[in-house]
Amino acid sequence: AYKLVYFMQKRPADFQNVDKQKLKYLEEARFLNLEECNLSDFHDLQVFSELPNLEKLILNKNRLQQIGRKVSGFKQLKYLSVQECAFQKPVVLY
């Protein structure tokens, strides 16, 4: 099982259509780096909220404009980095 996962691509990522069976290989992942994956909607990342051990999520340098309460689906998340994204308002997490 993987504990550290990096996705590296400059074109828009299609994480909504990730095969849920393949996610089982990431169940032990604690760190997920999606920096510069050309993401524009946090909703596309909801599939990763099913990773039970995910503690650190890096979303730097994406086109994200908002997160809202969608982040609450990440139960074990302790660290979220969104540096250099396209937020129009300050990011406030509860």
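A. Representation of the overall build of the protein within the structure. In terms of helices and strands, the protein carries 1 helix and 4 strands. Helices (α) and strands (β) of the protein occur, in sequence order from the N terminus, as β-α-β-β-β. Relative to its 94 residues, the protein shows a buried fraction of 36%. Long-range contacts, defined as pairs at least 24 residues apart, comprise 62% of the intrachain contacts of the protein with a sequence gap of at least 6. Surface accessibility of the protein: about 6,300 Å² in total, with carbon and sulfur atoms responsible for 47%.

B. Up close: the pattern of salt bridges. Within this structure, the stated rule accounts for 3 salt bridges. One salt-bridge network, in which partners are shared between bridges, spans Arg30, Glu55 and Lys78.

C. Structural detail: the side chain of serine 49. Position of serine 49 relative to the elements: it lies in the loop between strand 2 (31-33) and strand 3 (56-58). Relative accessible area serves as the criterion here: at 18%, serine 49 is assigned to the buried category. From its side chain, serine 49 meets the backbone oxygen of glutamine 46 in a polar contact 2.6 Å long. Sequence-distant contacts of serine 49, defined by excluding residues within four places in its chain, comprise Gly73 and Phe74.

D. Spotlight on the nonpolar core. By size, the foremost hydrophobic cluster in this structure holds 23 residues, and its most contacted members are Leu34, Phe48 and Leu59. Beyond its immediate chain neighbours, meaning those up to four positions away, leucine 59 contacts Leu34, Leu39, Phe42, Leu45, Leu64, Leu80, Ser81, Val82 and Cys85.

E. Focus on the environment of aspartate 19. With respect to the secondary-structure elements, aspartate 19 resides in the loop between strand 1 (4-6) and helix 1 (20-23). Assessed through its relative accessible area of 37%, aspartate 19 is described here as partly exposed. Note: C-alpha distance between aspartate 19 and valine 47 (28 residues apart in sequence) is 9.4 Å.

F. Structural detail: unusual backbone geometry. Positive phi outside glycine occurs at lysine 61, with the angle close to 60°. Considering the arrangement of structural elements, one finds lysine 61 in the loop between strand 3 and strand 4 (79-81). A positive phi is found at glutamate 84, a non-glycine position, where the angle reads about 60°. Following the sequence through the fold, glutamate 84 ends up in the segment after strand 4.

Rules used in this analysis
Throughout, a residue's number is its position along its own chain's written sequence, starting from 1. For a predicted model such as this one, the threshold for reporting local features is a pLDDT of at least 70, and the threshold for listing and counting side-chain atom pairs is 80 or more; totals across whole chains, interfaces and linings nevertheless cover every residue. Each side-chain value is derived from all of the structure's non-hydrogen atoms; neither hydrogens nor water enter the calculation. Only runs of H or I of at least four residues qualify as helices and only runs of E of at least two qualify as strands under DSSP, and these elements are numbered from the N terminus. The buried label goes to any residue with under 20% of its type's maximum accessible area, the exposed label to any with over 50%, and the partly exposed label to all in between, with areas taken from a 1.4 Å probe on protein chains only. Should any heavy atoms of two residues lie within 4.5 Å, those residues are considered in contact. Shrake-Rupley sampling with a 1.4 Å probe provides the accessible areas, and residues are treated as covered by the protein chains on show and by no other component. Counted as salt bridges are all cases of a side-chain nitrogen of Lys or Arg within 4 Å of a carboxyl oxygen of Asp or Glu. We call two N or O atoms a polar contact when they sit within 3.5 Å, provided that within protein one can donate a hydrogen and the other can accept it, with sequence-adjacent residues counted only if both atoms are side-chain atoms. What is meant by a nonpolar core is a set of buried Ala, Val, Leu, Ile, Met, Phe, Trp, Tyr and Cys residues, joined one to another through side-chain atoms within 4.5 Å.

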